Amino acid sequence: MRRAFESVLDDCLSHLREGAGIEACLARYPEYAVKLEPLLRIALRAQELRPVEPPSMAALAAGRRRFLQEAARLRQREALPRVGWLFTLLRPMPRGVWARRGLATTALTVLLLLALLGGGVMVASANSLPGDPLYPIKRATEQVQLSFTFDPAAKARLQNEFEERRREEARATIKAGRKTEVEFKGTIQSFDETSWIVGGITVSLDANTIIEGVPQTRLTAVVKALSQADGRLIARRIEVIGGKPKETPRPTATPLPTATPVPTETPQPTATPQPPTATPAPPTPTPKPAKAKPTAMPTLPPTDTPTLPPTDTPTPTPTATPAPPREIKVKFEGAISNISATLWVVEGQEVRVNADTAIDEQKGRAEVGA
């Protein structure tokens, strides 16, 4: 029953966006007229809202003072004991808890908004898409859910659920042909210079697209894009989470042929040095030395120098030529995530194709997803 009412409400909101009146919507579903009318009037009023300039810091401070004064007055009243704990969230706190104070303020704002507009607004915003008036309420409600989920495992499951919801919203926005901003998170399945596939959604790139990080398949990316009326999604910013830059492989040096060594000349035997001539002992000095004629020193007979036998020059061992790399045939199967004229991506593995590649389409057509 609840799902049926949500579908009816979603259909009426679509007609309101196209210019239909409330009466026409109520006439289409008279059995839900009582529940539909207040919600449709709120949605119609929300469409008329226009963004206003944010107040200055002085105005915010003055408004905060007035709010705290009113909160203190309400705490003293016995007629409203149920909401007294809400206003204690905004009491002055030490500087170390300012972050928690901002969280409490956000949660209080959403709770007060839901209390003023009624629980039907939460139901109405559940099916809203980016660009709808109630979409900010949907996102704020999700943030409150995450803030008050303290179990790590439950919080992770809730986060994954919201991420899948963002991707479904992006697909619905593309299908509807809306021109609005979308944001989602998913796994990079393939990428090239013109388009990426993230979480099963194709995103086109242009000259204004900003890419942060090094793209790699199987990494996670956060995409902020603008949907077009023709169903395309133009990326404005893509942030790659995790991963390290791939190192460029250094080219392997090709071994040069070893030069044939030149034979070394056989060294000639060196002459055996002759023994030195004996030096005569210095003469004993006398008081009156007489001049003596120089005596010829005896010459030793020449000694025959032995001839050394020639030494054999070692023959150099030839260097082995490295064998060329051999081709290896491999076979694997998987889902096709990208196809181009020169490159396929199958199960995350890049495969180059050329004019000699044989493509057998007897069992099915070659396309993304096959």
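The sections below set out a description of the structure shown in this document.

Thresholds applied
Residues numbered from 1 in each chain as written. Predicted model: local features only at pLDDT ≥ 70, side-chain atom pairs only at ≥ 80, totals over all residues. Heavy atoms only, no water. Pairing = 2+ DSSP bridges. Helix = DSSP H or I, 4+ residues; strand = E, 2+ residues; numbered from the N terminus. Axes fitted to C-alpha atoms, helices over the stretch in contact; angles between N-to-C directions. Core = buried A, V, L, I, M, F, W, Y, C linked by side-chain atoms within 4.5 Å. Buried < 20%, exposed > 50% of the residue type's maximum accessible area, 1.4 Å probe, protein only. Contact = heavy atoms within 4.5 Å. 1 Å grid on protein atoms, 1.4 Å probe; cavity = no way out; pocket = protein on both sides within 12 Å on 5 of 7 lines; lining within 4 Å. Points joined across faces, edges and corners; volume = space filled by probe spheres on them. Expected span 1.5 Å × (residues − 1). Salt bridge = Lys/Arg side-chain N within 4 Å of Asp/Glu carboxyl O.

## A few points about the sheet that holds strand E9 (residues 349-352)
And then number 1: Taken together, three strands build an open sheet; the order of strands is E7-E8-E9 and the sheet is antiparallel. Looking at the sheet topology across the chains shown, the edges are occupied by strand E7 (336-339) and E9. Averaged over all pairs of adjacent strands, the angle between strand axes in this sheet comes to 20 degrees, irrespective of strand direction.
And then number 2: Pairing between strand E8 (residues 343-346) and E9: four bridges, direction antiparallel. Bridge assignment links valine 345 to a residue of E9, and that residue is glutamate 350.

## Regarding the nonpolar core
And then number 1: Within the largest apolar cluster, 18 residues are counted, with the highest numbers of intra-cluster contacts made by Phe184, Trp196, Val223, Leu233 and Ile238.
And then number 2: Taken together, the elements giving at least two residues each to this core come down to helix H9 (152-176), strand E1 (181-191), strand E2 (195-198), strand E3 (201-204), strand E5 (220-227) and strand E6 (233-241).
And then number 3: The residues touching phenylalanine 184, leaving out its near neighbours within four places in the chain, are Arg166, Arg167, Ala170, Val198, Ile201, Val203, Ala221, Val222, Val223 and Leu233.
And then number 4: Grouped together as the second largest cluster of nonpolar side chains are 15 residues, Val8, Cys12, Cys25 and Ala43 included.

## Here we look at the pairing of E5
And then number 1: In terms of residue burial, E5 counts as a mostly covered element, since six of its eight residues are buried.
And then number 2: Bridge count between E1 and E5: seven bridges; the pairing is antiparallel. Residue pairing across strands places lysine 185 opposite valine 222, the latter belonging to E5.
And then number 3: Here E5 runs beside E6; their pairing, made up of eight bridges, is antiparallel. Looking at the pairing, alanine 225 lines up with alanine 235 of E6.
And then number 4: Joining the antiparallel neighbours E5 and E6 is a turn of five residues, in which glycine 231 adopts a positive phi near 90 degrees.

## A closer look at empty space enclosed by the protein
And then number 1: By the definition in use, this model includes one cavity of 30 Å³ or more.
And then number 2: Within this model, the largest cavity holds a volume of roughly 100 Å³.
And then number 3: If you trace the largest cavity, you find 11 residues lining it, with Leu13, Arg17, Asp132, Pro133 and Leu134 closest to the centre.
And then number 4: Elements supplying a minimum of two residues to the lining of the largest cavity: helix H1 (2-17) and helix H3 (33-47).

## Observations regarding helix H4 (residues 57-75)
And then number 1: Taking 1.5 Å of rise per residue, 19 residues should cover 27 Å, and H4 covers 27 Å from first to last C-alpha, within 8% of that figure.
And then number 2: Taken together, the buried positions of H4 are Ala62, Ala71 and Leu74.

## Quick notes on the pattern of salt bridges
And then number 1: Evaluated as defined, the whole model comprises 17 salt bridges.
And then number 2: In this structure, the salt-bridge partner of arginine 165 is glutamate 161, at a minimum N-O distance of 3.2 Å. With a gap of four residues between them, arginine 165 and glutamate 161 both fall in helix H9, about one helical turn apart.
And then number 3: As a salt-bridge pair, arginine 167 and glutamate 164 come within 2.7 Å of each other at their nearest N and O atoms. With arginine 167 and glutamate 164 both in helix H9, this residue pair falls three residues apart, about one helical turn.
And then number 4: If you follow the salt bridges from partner to partner, you end up with Lys138, Arg139, Glu142, Glu161, Arg165, Arg166 and Glu169 in one network.

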